[in-house]
Amino acid sequence: MLDALKKEKGDLRRMAMDLLYRYGGLKGPEIGALFGIDYSAVSQERKRLRERAAQEIGLKGMMERMEGLLSTIKL
């Protein structure tokens, strides 16, 4: 699955990075290492995601659903 996300360019990849940061406990450099990019690129991708979600209700809804699903997982 990670290999598919590495090749993906777009919102799905950005969402994975954001969720790893906010819910996975990983920091920018760790996420960057997973995706084969610099930590500053992780920050830029997360920023782009926030900007697009502010403009696109569908994307915002998808993010909220993912966050809801993640909040129900017991670790």
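Treat the numbers as computed from the prediction; the structure is a model and nothing was measured. (Residues numbered from 1 in each chain as written. Predicted model: local features only at pLDDT ≥ 70, side-chain atom pairs only at ≥ 80, totals over all residues. Heavy atoms only, no water.)

Caption draft 1: A nonpolar patch on the surface, seen in detail. Taken together, the side chains of Met62, Met66 and Leu69 make up a nonpolar region of the molecular surface, amounting to roughly 260 Å² of accessible area. On the secondary structure map, Met66 appears in helix 5 (residues 57–71). (Patch = residues over 30% accessible without salt bridge, like charges linked within 9 Å, V, L, I, M, F, W, Y side chains within 5 Å. Areas by Shrake-Rupley, 256 points an atom, 1.4 Å probe, with all protein chains shown as cover. Salt bridge = Lys/Arg side-chain N within 4 Å of Asp/Glu carboxyl O. Helix = DSSP H or I, 4+ residues; strand = E, 2+ residues; numbered from the N terminus.)

Caption draft 2: Layout of the packing of aromatic side chains. The full count for this structure, using the stated rule, is zero aromatic pairs. The positively charged end of Lys27 is found above the aromatic ring belonging to Tyr21, 5.6 Å away from the centroid. One Lys or Arg, Arg46, reaches over the ring of Tyr21 and ends 3.8 Å from the middle of that ring. (Phe/Tyr/Trp six-rings, centres within 6.5 Å; stacked < 30°, edge-to-face > 60°. Lys NZ or Arg CZ within 6 Å of the ring centre and 35° of its normal.)

Caption draft 3: Seen up close, helix 2 (residues 11–22). With 12 residues, helix 2 should reach 16 Å at 1.5 Å per residue; the first-to-last C-alpha distance of 16 Å fits that figure. Burial in helix 2 covers these residues: Asp11, Arg13, Arg14, Met15, Ala16, Met17, Asp18 and Leu19. Structurally, helix 2 contributes buried residues whose contacts are with helix 1 (2–7), helix 3 (28–35), helix 4 (39–55) and helix 5. (Expected span 1.5 Å × (residues − 1). Buried < 20%, exposed > 50% of the residue type's maximum accessible area, 1.4 Å probe, protein only. Contact = heavy atoms within 4.5 Å.)

Caption draft 4: Inspection of the side chain of Asp18 at higher detail. Along the polypeptide, Asp18 turns up in helix 2. In this structure Asp18 comes out as buried when scored by relative accessible area, which is 4%. Separated by 2.9 Å, the side chains of Asp18 and Arg46 make a polar contact. Excluding its chain neighbours within four sequence positions, the residues that come into contact with Asp18 are Arg46, Leu49 and Met63. (Polar contact = N/O pair within 3.5 Å; in protein donor to acceptor, adjacent residues only side chain to side chain.)

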